[in-house]
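# Structural overview
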There are 2 protein chains.
Amino acid sequence: MNHLNQDSLTQAVIERLAHTPNPRLKEILSSLVTHLHAFARDVHLTEEEWFQGIEFLTATGQKCTSTRQEFILLSDVLGLSMLTVSMQNDKPQGCTESTVFGPFHVPNAPQYENGADIANGASGQPCHVHGFIRGKSGEAIANATIDVWQADDEGHYDVQKEGLDHAQARGVLHSRTDGSYDFKSIVAEAYPIPTDGPVGHMLEATRRSAWRPAHLHFMIQAPGYQTLITHVFRRGDKYLEADPVFGVRQSLIADWVRQSDGLTDLAFDFVLNPVV
Amino acid sequence: MNHLNQDSLTQAVIERLAHTPNPRLKEILSSLVTHLHAFARDVHLTEEEWFQGIEFLTATGQKCTSTRQEFILLSDVLGLSMLTVSMQNDKPQGCTESTVFGPFHVPNAPQYENGADIANGASGQPCHVHGFIRGKSGEAIANATIDVWQADDEGHYDVQKEGLDHAQARGVLHSRTDGSYDFKSIVAEAYPIPTDGPVGHMLEATRRSAWRPAHLHFMIQAPGYQTLITHVFRRGDKYLEADPVFGVRQSLIADWVRQSDGLTDLAFDFVLNPVV
């Protein structure tokens, strides 16, 4: 092995993984080394560029806090998150499509009854969201856990607001016996993903827009069904074609209808895929 | 683009890079996206595994400090550093081979005269290191800047020692008019790369050894010549065949000769490649 060169090196690294007890870890690392080396060869990566990469990754890690996940953001803008979601959620026709989780979910959000206002002080136009949770055959799913979160009309999630000590525009509900749910919140608005970190610098260097189309996040769980992580987007949003995280799906775009009393109405039904 | 699926997504991400002003950045990022997605497809990466990857990279970034570079260590153990070095340093026969820079170089190390003891209190067996700096045609290179650094006999570089306020086993010299150099230091010993971080956990999970063969680091610079970054290894070291960072080159293994007076002698000449 003292005569390794740029051609034999990749195989030597893979051979060094030969004694990995977990076969899946071995498979993943071997493939990672193969593709990582292929990338470096493909572009003939220089040492200076390599070091810029080291600095970029280091800054990305150091930007992460308990409420900021810059590596998820990086994965999102490189399309890796959506690719992973797509591969794992190749579901039968009729089931609600999945999209990216995003970096702003918080476990153990406050519990609400149906009909409650989850905005809890977040600024924005009032909105009524309602619909049904059903299975693939049309069956009502009672008592599904519905985890909802969104940004306010200035584009900030509660966890991004310094000094705020309670959840806003975030909550957990459960579907009724007939599968129905409803809650009040605020109208989702387009907003830019955080641009003050390494990922923002990359978007700027590549002249990419940071603006995500308006969306409301849902994570819906029920025994016997696959967990659904998705968004509902607003029809007519000017950023639908250019989502920086590639999360838009045609089937997830809905009409948010402004009514005469000023309240916006959003009706959206979710169809879960049974665990087989 | 609202109908992106796992097959069309990669092309969509690459198209989003179309307006990148710097053509090299565009090339590198496009290739990175292609290979990153190919990796994810190849192993059919799950969302859970994706999240483990996010957590691993985050922890790697957060382990970095001004004296600890865990991302360089990661690149080293994946063979990426050595691949980059090899590609950029494909030099004519007769020139000294390059190897990895490693994470422990410090700029502006103390200056020494030839003959000085750069150990400066570092523990280890005394050693005399000497030789010549020459060009490819055999010409002496006078006044070359010779940056040297190494670990002590417990395997620690000075920057890893808490509370130490001065450089040890680290310094900068200049070659004499005839190209010669010499200094005293300590005998290099094998040591494990740091195992208390994410990279160490990866080595453990893959049952890989963390032990690097003993080596002395050199960075040699002279006007008109390519900078040489390399190590000198010790013949007979039991870790030469299993260097976790893949840095060993046959031509960089030398005899460190223990003499009757207890002093070890290392003679090593370096041949620099002219800038063309």
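Residues numbered from 1 in each chain as written. Chains lettered and ligands numbered in written order. Predicted model: local features only at pLDDT ≥ 70, side-chain atom pairs only at ≥ 80, totals over all residues. Heavy atoms only, no water.

Take the overall build of chain A next. Scanning chain A from N- to C-terminus turns up 6 helices and 12 strands. Each of the three principal axes of chain A carries a C-alpha extent, and together these read 75 × 45 × 35 Å. Buried residues in chain A amount to 55% of all 276 residues. Taking the contacts inside chain A whose residues are at least 6 apart along the sequence as the reference set, 71% of them involve residues at least 24 apart. Of the charged side chains in chain A, 21 are positive and 34 negative, and the gap between their average positions amounts to 3 Å. (Helix = DSSP H or I, 4+ residues; strand = E, 2+ residues; numbered from the N terminus. Buried < 20%, exposed > 50% of the residue type's maximum accessible area, 1.4 Å probe, protein only. Contact = heavy atoms within 4.5 Å. Lys, Arg positive; Asp, Glu negative; His and termini not counted. Charge placed at Lys NZ, Arg CZ, Asp CG, Glu CD.)

Counting residues in hydrophobic clusters, the biggest one holds 69 residues, and the most contacted among them are L9 and L45 of chain A together with L9 and L45 of chain B. Excluding residues within four positions of it along the chain, L9 of chain A makes contact with L4 and H37 of chain A together with G79, M82, L83 and F246 of chain B. (Core = buried A, V, L, I, M, F, W, Y, C linked by side-chain atoms within 4.5 Å.)

It is worth spelling out the packing of aromatic side chains at this point. Taken as a whole and judged by the stated rule, the model has 23 aromatic pairs over all chains. With a centroid separation of 5.4 Å and 15 degrees between ring planes, the pair formed by W211 of chain B and Y239 of chain B is classed as stacked. On the criterion of sequence distance, the pair formed by W211 of chain B in strand β6 (residues 211-212) and Y239 of chain B in the loop between β8 (228-234) and β9 (253-254) is long-range, its members being 28 residues apart. The positively charged end of R234 of chain A is found above the aromatic ring belonging to W256 of chain A, 5.9 Å away from the centroid. (Phe/Tyr/Trp six-rings, centres within 6.5 Å; stacked < 30°, edge-to-face > 60°. Lys NZ or Arg CZ within 6 Å of the ring centre and 35° of its normal.)

Quick look at the packing of helix α3 (residues 47-63) of chain A against helix α4 (residues 70-77) of chain B now. Where α3 of chain A contacts α4 of chain B, the axes come no closer than 9 Å and their chain directions differ by 125 degrees. Classed by the angle they form, the pair α3 of chain A and α4 of chain B counts as oblique. α3 of chain A and α4 of chain B meet at a crossing whose hand is right-handed. Residue-level inspection shows W50, F51, I54, L57 and T58 of chain A of α3 of chain A in contact with α4 of chain B, the latter providing F71, I72 and S75 of chain B. (Axes fitted to C-alpha atoms, helices over the stretch in contact; angles between N-to-C directions. Parallel < 35°, antiparallel > 145°, perpendicular 65-115°, else oblique. Left-handed = near helix turned anticlockwise from the far one by under 90°.)

Let's shift gears to the relation of the copies chain A and chain B. Once chain A has been moved 0.0 Å along the axis and rotated by 180 degrees, it coincides with chain B to within an RMSD of 0.0 Å. Look at the turn and shift together and you get a two-fold axis relating the two. The position closest to the rotation axis in chain A is occupied by the C-alpha of G61 of chain A, lying 2.0 Å away. When the interface residues of chain A are mapped onto chain B, 100% of them are again interface residues, pointing to one common binding face. (Least-squares fit on C-alpha atoms with pLDDT ≥ 70 in both.)

When pLDDT is averaged across chain A, the result is 95; 99% of the residues are at 70 or more. Here the predicted complex carries an ipTM of 0.91, next to a pTM of 0.91. (pLDDT = per-residue confidence, 0-100.)

Residue and element names in this part refer to chain A. Taking burial as the measure, the 7 residues of strand β4 (residues 180-186) include 6 buried ones, the bulk of the element. Both strand β1 (residues 126-135) and β4 contribute to a ladder of 7 bridges, which runs antiparallel. When the sheet's bridge partners are listed, F132 is paired in β4 with S180. (Pairing = 2+ DSSP bridges.)

Attention now moves to the environment of S209 of chain A. Residues and elements named next belong to chain A. Counting through the fold element by element, S209 comes out in the loop between α6 (198-205) and β6 (211-212). Here S209 falls in the partly exposed class, since its relative accessible area comes to 33%. In this structure, the C-alpha to C-alpha distance between S209 and I193, residues 16 residues apart in sequence, is 9.3 Å. The residues touching S209, leaving out its near neighbours within four places in the chain, are L203 and P244.

By the definition in use, this model includes 24 salt bridges over all chains. Across the salt bridge formed by D196 of chain B and R68 of chain B, the nearest N and O atoms sit 2.9 Å from each other. Residue D196 of chain B is located in the loop between β5 (191-192) and α6 (198-205), and its partner R68 of chain B is located in the loop between α3 (47-63) and α4; the two are separated by 128 residues in the primary sequence. Across the pair R176 of chain B and D182 of chain B runs a salt bridge whose closest N-O atoms are separated by 2.5 Å. R176 of chain B gets classed as partly exposed once you look at its relative accessible area, which sits at 35%. Via salt bridges that share partners, K63, R68, E70 and D196 of chain A belong to a single interconnected network. (Salt bridge = Lys/Arg side-chain N within 4 Å of Asp/Glu carboxyl O.)

Time to look at α3 of chain B. Over its 17 residues, α3 of chain B extends 24 Å from the first C-alpha to the last, a length consistent with the 24 Å expected when each residue adds 1.5 Å. The set of residues buried in α3 of chain B consists of E49, W50, I54, T58, T60 and G61 of chain B. Against α2 (23-43), α3, α4 (70-77) and α5 (80-88) of chain A together with α4 and α6 of chain B lie the buried residues of α3 of chain B. (Expected span 1.5 Å × (residues − 1).)

Moving on, we come to the sheet that holds strand β8 (residues 228-234) of chain A. All names here are of chain A. If you trace the 5 strands from one edge of the open sheet to the other, you get β3-β2-β7-β8-β9, paired in mixed fashion. At either end of the open sheet lies a strand with only one pairing partner, and these are β3 (170-174) and β9 (253-254). Looking at chain direction, strand β2 (residues 145-149) and strand β7 (residues 215-221) are connected through 5 bridges and run antiparallel. Residue pairing in the sheet places I146 in a bridge with I220 of β7.

Counting residues at the interface gives 76 residues for chain A and 76 residues for chain B. Summing both sides of the interface, chain A and chain B together bury roughly 7,300 Å²; the carbon and sulfur share of this comes to 63%. Linking chain A with chain B are 2 salt bridges. Ionic pairing is found between R24 of chain B and E49 of chain A, a salt bridge with its closest N-O pair at 2.7 Å. Across the chain A-chain B interface, the total number found is 30 residue pairs in polar contact (both at pLDDT 80 or more). Among the secondary structure elements, those contributing two or more residues to the side of chain A that touches chain B are α1 (9-15), α2, α3, α4, α5 and α6 of chain A. For the side of chain A that touches chain B, the element with the highest residue contribution is α2 of chain A, accounting for 17 residues. (Buried area = accessible area lost by both parts, 1.4 Å probe. Polar contact = N/O pair within 3.5 Å; in protein donor to acceptor, adjacent residues only side chain to side chain.)

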